[in-house]
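Residue-level structure breakdown
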Amino acid sequence: MGRISELVCPSCNASWQLFLGHGMSHAALENVLDEFPADIQKKILADTKDEQIPSFEFNYYPSVCRQCKKVIAVPVIYLHHTGQTYFAPCPDCGNTGDAFQEGEAAECPFCGEGVLIMNDCGNWD
């Protein structure tokens, strides 16, 4: 089950609500592929072609898009067989953001001064 998190900048009070983690439908590779652009889908399929049942970890991670000046949730897949990790770009501008995990410090993309604070506020599936 995924979680809904709010990220807040203590300096400028900018905030973003993100759906992070993964849902039950993300257990199948064919459902996960839809979350990535066509060029990344091809790479994932090439990396998993020798596996009958591909082994992977999928989650939405928070990411800072410096071009759009916002925090977004991006799909990330880790393929166990090849050790390859793929990140989707920002859906608005196509820029590769700076994905980070819970507990890692991330600077506010809006004001550039505060370190974002993450608070969980619910679950999703």
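The structure we're discussing is the one just above.
Residues numbered from 1 in each chain as written. Predicted model: local features only at pLDDT ≥ 70, side-chain atom pairs only at ≥ 80, totals over all residues. Heavy atoms only, no water.

**Regarding empty space enclosed by the protein**
In the structure shown here, the tally under the stated rule is one cavity of 30 Å³ or more. Empty space within the largest cavity amounts to approximately 30 Å³. Here the residues of the lining of the largest cavity sort into four nonpolar, three polar and no charged. (1 Å grid on protein atoms, 1.4 Å probe; cavity = no way out; pocket = protein on both sides within 12 Å on 5 of 7 lines; lining within 4 Å. Points joined across faces, edges and corners; volume = space filled by probe spheres on them. Nonpolar A, V, L, I, M, F, W, Y, C, P; charged D, E, K, R; others polar.)

**Focus on the nonpolar core**
Phe-36, Ile-44, Phe-56, Phe-58 and Ile-77 are the most contacted members of the largest nonpolar core, which totals 15 residues. If you list the elements that add at least two residues to this core, you get α1 (29-33), α2 (38-48), β3 (56-65) and β4 (70-79). Each residue touching Ile-44, except ones within four places of it in the same chain, is listed here: Leu-29, Leu-33, Phe-36, Ile-77, Leu-79 and Tyr-86. Formed by twelve residues, the second largest nonpolar core is a distinct cluster that contains Leu-18, Leu-20, Phe-100 and Cys-108. (Core = buried A, V, L, I, M, F, W, Y, C linked by side-chain atoms within 4.5 Å. Buried < 20%, exposed > 50% of the residue type's maximum accessible area, 1.4 Å probe, protein only. Helix = DSSP H or I, 4+ residues; strand = E, 2+ residues; numbered from the N terminus. Contact = heavy atoms within 4.5 Å.)

**What about the pairing of strand β2 (residues 15-20)?**
Alternating residues of β2 divide into Trp-16, Leu-18 and Leu-20, all buried, and Ser-15, Gln-17 and Phe-19, none buried. In the sheet, strand β1 (residues 2-8) pairs with β2 via six bridges, with the strands oriented antiparallel. What sits directly across from Val-8, in β2, is Ser-15. Where β1 folds back onto β2 in an antiparallel hairpin, the turn is made up of six residues, including Asn-13, whose phi is positive at roughly 65 degrees. (Pairing = 2+ DSSP bridges.)

**Details of the layout of surface pockets**
Its volume calculated, the largest pocket comes out at about 160 Å³. Along the wall of the largest pocket there are 13 residues; nearest its centre are Tyr-61, Val-76, Thr-85, Phe-87 and Gln-101. Going through the elements one at a time, β3, β4 and β5 (85-87) are the ones with two or more residues in the lining of the largest pocket. Element by element, the count of residues in the lining of the largest pocket is highest for β3, at four residues. The residue inventory of the lining of the largest pocket, partitioned by class, reads eight nonpolar, three polar and two charged.

**A look at the sheet that holds β1**
Taken in spatial order, the three strands make up an open sheet running β2-β1-β7, and their pairing is antiparallel. Edge positions in the sheet fall to β2 and β7 (117-124), since each of these pairs with one other strand and no more. When the angles between neighbouring strand axes are averaged without regard to direction, this sheet yields 25 degrees. The pairing of β1 with β7 spans seven bridges and is classified as antiparallel. From the neighbouring strand, Glu-6 faces β7, where its bridge partner is Asn-119. (Axes fitted to C-alpha atoms, helices over the stretch in contact; angles between N-to-C directions.)

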